[in-house]
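# Fold and geometry: a report
The chain contents come next:
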Amino acid sequence: MIESLKSVLESASRVFSAVTFDRVFSALLVFAVGFALAYVFRRLTFRAAYKVVPLHIAKAISGFIYYVIVIIVMMTILSIFGVSITGVLVAGGIAGIVLGFASQTIVSNLLAGIFLYWDKPFKPGDPVNVEGIAGIVQEISILSTRIQTWDGVYVRIPNEKVFTATITNYARMPVRRVELKVSIAYKEDFGKAKEVIARVLDEHPLVLVQPEPVIFTSELGSDGVEITVQAWAPTSEWITVKRELLWNIKKALTEAGIEIPFPQRDIWFRTPLKVEVTTKSTSKLDSIS
Amino acid sequence: MYGNIDITKARVQLKLAERTLEFIKNADYVMYRRLKDDNLEYECMIKNPETLLIEPAAPILIPKQLTHYILIEFANDVMLPPEGELEGYTLMPVDIVVFSLKDDNYRGIDTFSECKVKYALYGPKDEGIIARYYKSRFFTNSKEPEAYKEALVPLEIVNTHNDWVKLKRILMDAVMLRLYYKQSGSFASTQKIKITITSETTALIDYGKQVHGGLKEAKRPLRLSILMHVPRKTEMMWGI
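The shown structure was predicted, so the numbers you read here are calculated from the model rather than taken from an experiment.

Okay, the overall build of chain A next. Counting secondary structure elements, chain A contains nine helices and eight strands. Considering only contacts within chain A whose residues lie at least 6 apart along the sequence, 64% involve residues at least 24 apart. Carbon together with sulfur atoms contributes 64% to the accessible area of chain A, which is approximately 19,200 Å² in total.

Here's what the structure looks like:
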């Protein structure tokens, strides 16, 4: 351990003694040219690749090339200042162990924060659900994530927990599906109901044309025929569409004379039912009153 | 009619497609009203306006700005041979903006559409983009757009791919799109749009120059002007 520390200190003193105008200039030049090259190569690779492979693979390939070039650039800069890469890695490892033992929770939150920054499962303003805590992300700091729940409550979650939690980000995708269930009476024509619902979807500006909405019979229920409506909306407008569509469909079905059934039971008796009816005589009632 | 409103008159009433616009002059303000079937949809009091102007705008503002892309799908597909070129036209929807101007400052006071408003996703569900959707046709000859609803889009299609391609739609970026209109008329047009087809599923959209002479360039609503990202071309990566 002492040997490693000695090697790090030697490297550091070598670096400071190696800082000359020429080397700083060379390092800046390598930095600028290297990053420009990395950027250009990433774009060129992406543009060439996305025509022949799926988009996510094209992104992965171009990203890999970018980071390879960035690492080469960083190593070149370090070598300009005479830094031994092995020494830096060893020093980093030792420092990590010391810090880890000294402040395990803080470090694990900190590392989780760094990984969250890298992984980017959400950003401030995103509607999320982090293991049962649902709301809008207010802030992602290096140690914790702050969420304002739907009912306005402030919740601070340590990054360590966020990192290992199941995260649902409702705003990550550009579109989100709205699913509604509507029942019509058994006597009604499904074709007609489907036409009415399709018209409602078509009239709503925020129901997307593509992906196409789907309307189908999903269940022959005890009270009526259940129709499922699946329509896509821009993610930011999902709640508006969800709120408006159901009532619009109800109104349109009622206007078209299509019955929406309420829960009911028809009771059949195996044998004729004997019912005894007693009537009170008017005279008796009169005498009581 | 597009263009300046004569605010020296006590009352100006303009019938567009389904809506009527009213400008009533008072002592130091103009009362603006938008009506549909005699029902008031919107009203605004404008203090000392120097000029009031009605212009077409890129159709991305209704019911609110969700995107800056416009997707025009052709009812008739266009087939092009390798190295093939074709010129033609299509129609796109327009929003209508009423501007109030004073000195060099202008502000949109009302935005509405006389056209059916629909949106669509262009691309996959995880990475695609929301675009204002419109179903039109590819025309080989110039076509008169429906007044206050549509604008003419002159097209130039070039197939650089070494195989036949089928063009079903075009994606345009409102940030680059310019609209021109006839003063005191209802005709509106965009600049020439060049579509360079690069593969069976990809194309590059270029925004050229004005084709029709004698037209005035429409102002761009503030919300469009302040968009940070200003691309010069639009890439169609997820199908043409």
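With that out of the way, let us pick up the pattern of salt bridges. Residues and elements named next belong to chain B. Evaluation of the coordinates by the stated rule reveals 26 salt bridges over all chains. For the salt bridge of Lys 135 with Glu 73, the shortest nitrogen-to-oxygen distance reads 3.6 Å. With Lys 135 in strand β12 (residues 129-136) and Glu 73 in strand β7 (residues 69-80), this residue pair connects regions lying 62 residues apart in the sequence. Judged by relative accessible area, Glu 73 falls into the buried class, the value being 13%. The partner of Lys 192 in a salt bridge is Glu 87, and the shortest N-O contact between them spans 3.2 Å. Taken together, the residues span a long stretch of sequence, with Lys 192 in the loop between β16 (188-190) and β17 (193-197) and Glu 87 in strand β8 (residues 85-93) at a distance of 105 residues. Where salt bridges share partners, they join Arg 19, Arg 34, Glu 41, Asp 110 and Glu 114 into one cluster.

This part takes up the interface of chain B and chain A. With 23 residues of chain B in contact, the opposing surface of chain A contributes 23 residues. Counting the surface lost from both chain B and chain A, the interface buries some 2,000 Å², and carbon and sulfur atoms represent 59% of this. At the junction of chain B with chain A, the criterion picks out three salt bridges. Among the salt bridges present, the one from Lys 116 of chain B reaches Asp 202 of chain A, with a minimum N-O distance of 2.5 Å.

Sheet strands associate in pairs through backbone hydrogen bonding, adopting either a parallel or an antiparallel arrangement. Residue and element names in this part refer to chain A. Pairing within the open sheet is antiparallel, and its three strands lie in the order β6-β8-β7. Both outer strands of the open sheet, β6 (175-184) and β7 (214-220), are each paired with one neighbouring strand and no more. With strand direction ignored, the average angle separating the axes of adjacent strands in the sheet is 25°. Sheet strands in contact with helix α8 (residues 238-255) are β6 and β8 (225-234), and its direction is about 25° off that of β6.

A few words now on the nonpolar core. Among the nonpolar cores identified, the biggest contains 68 residues, and Phe 23, Met 92 and Ile 195 of chain B are the most heavily contacted of them. When sequence neighbours within four positions are dropped, the list of residues in contact with Ile 195 of chain B reads Leu 155, Glu 156, Ile 157, Val 158, Leu 167, Ile 170, Ala 203, Leu 204 and Ile 205 of chain B.

Turning to the pairing of strand β1 (residues 127-130) of chain A, a few remarks are in order. All names here are of chain A. Every second residue of β1 is oriented toward a common face, with Pro 127 and Asn 129 on one face and Val 128 and Val 130 on the other, all of them buried. Pairing of β1 with strand β2 (residues 133-140), which is carried by four bridges, proceeds in the antiparallel orientation. Among the inter-strand pairings, Val 128 is bridged to a residue of β2, identified as Gly 135. Hairpin geometry of β1 and β2 is characterised by an intervening segment of two residues between the two adjacent antiparallel strands and by a positive phi of about 45° at Glu 131. Examined bridge by bridge, β1 and strand β5 (residues 167-169) share three bridges and lie antiparallel to one another. Bridging from a neighbouring strand, Val 128 pairs with Asn 169 of β5.

Among all residues save glycine, negative phi is the norm, and among peptide bonds the norm is trans. Of note, the amide linkage connecting Gln 210 of chain A to Pro 211 of chain A takes the cis form, showing an omega dihedral of -5°. Residue position: Pro 211 of chain A is located in the loop between α7 (190-203) and β7. Phi angles above zero are rare outside glycine, and Ser 184 of chain B is one such case at about 60°. Of note, Ser 184 of chain B is situated in the loop between β15 (179-181) and β16.

Moving on to the sheet that holds strand β3 (residues 144-149) of chain A. Residue and element names in this part refer to chain A. Overall, antiparallel pairing links the five strands, which are arranged β4-β3-β2-β1-β5 in an open sheet. Strands with a single pairing partner mark the edges of an open sheet, and in this sheet they are β4 (154-158) and β5. Averaged over all pairs of adjacent strands, the angle between strand axes in this sheet comes to 40°, irrespective of strand direction. Pairing between β2 and β3: five bridges, direction antiparallel. The residue of β3 that forms the bridge with Ile 140 is Thr 145.

On to the confidence of the model for chain B, then. Residues of chain B with pLDDT of at least 70 account for 96%, and the chain-wide mean is 91. Predicted as a complex, the structure gets a pTM of 0.74 and an ipTM equal to 0.90.

Time to look at the packing of aromatic side chains. Going through the model one piece at a time under the given rule, you end up with ten aromatic pairs over all chains. A centroid spacing of 6.0 Å and a plane angle of 75° characterise the contact between Phe 74 of chain B and Phe 138 of chain B, whose relative ring orientation is edge-to-face. In this pair, Phe 74 of chain B is assigned in strand β7 and Phe 138 of chain B in the loop between β12 and β13 (150-159), connecting sequence segments 64 residues apart. Pair check on accessibility: Phe 74 of chain B and Phe 138 of chain B agree, each one buried. Taken together, the ring pairs in this structure connect Tyr 2, Tyr 148 and Tyr 181 of chain B into an aromatic cluster. Across the ring face of Tyr 66 of chain A, the terminal group of Arg 42 of chain A is positioned such that the distance to the ring centre comes to 4.3 Å.

Our focus in this paragraph is helix α5 (residues 104-119) of chain A. Turn by turn, an α-helix covers 3.6 residues, leaving residues three or four places apart pointing in a common direction. All names here are of chain A. Between its terminal C-alpha atoms α5 stretches 22 Å, which fits the 22 Å expected from 16 residues at 1.5 Å a residue. Regarding α5, the residues found buried are Val 107, Asn 109, Ala 112, Gly 113 and Leu 116. Just beyond α5, the residue with positive phi is Lys 120, at close to 45°.

What counts and how
Residues numbered from 1 in each chain as written. Chains lettered and ligands numbered in written order. Predicted model: local features only at pLDDT ≥ 70, side-chain atom pairs only at ≥ 80, totals over all residues. Heavy atoms only, no water. Helix = DSSP H or I, 4+ residues; strand = E, 2+ residues; numbered from the N terminus. Contact = heavy atoms within 4.5 Å. Areas by Shrake-Rupley, 256 points an atom, 1.4 Å probe, with all protein chains shown as cover. Salt bridge = Lys/Arg side-chain N within 4 Å of Asp/Glu carboxyl O. Buried < 20%, exposed > 50% of the residue type's maximum accessible area, 1.4 Å probe, protein only. Buried area = accessible area lost by both parts, 1.4 Å probe. Pairing = 2+ DSSP bridges. Axes fitted to C-alpha atoms, helices over the stretch in contact; angles between N-to-C directions. Core = buried A, V, L, I, M, F, W, Y, C linked by side-chain atoms within 4.5 Å. pLDDT = per-residue confidence, 0-100. Phe/Tyr/Trp six-rings, centres within 6.5 Å; stacked < 30°, edge-to-face > 60°. Lys NZ or Arg CZ within 6 Å of the ring centre and 35° of its normal. Expected span 1.5 Å × (residues − 1).

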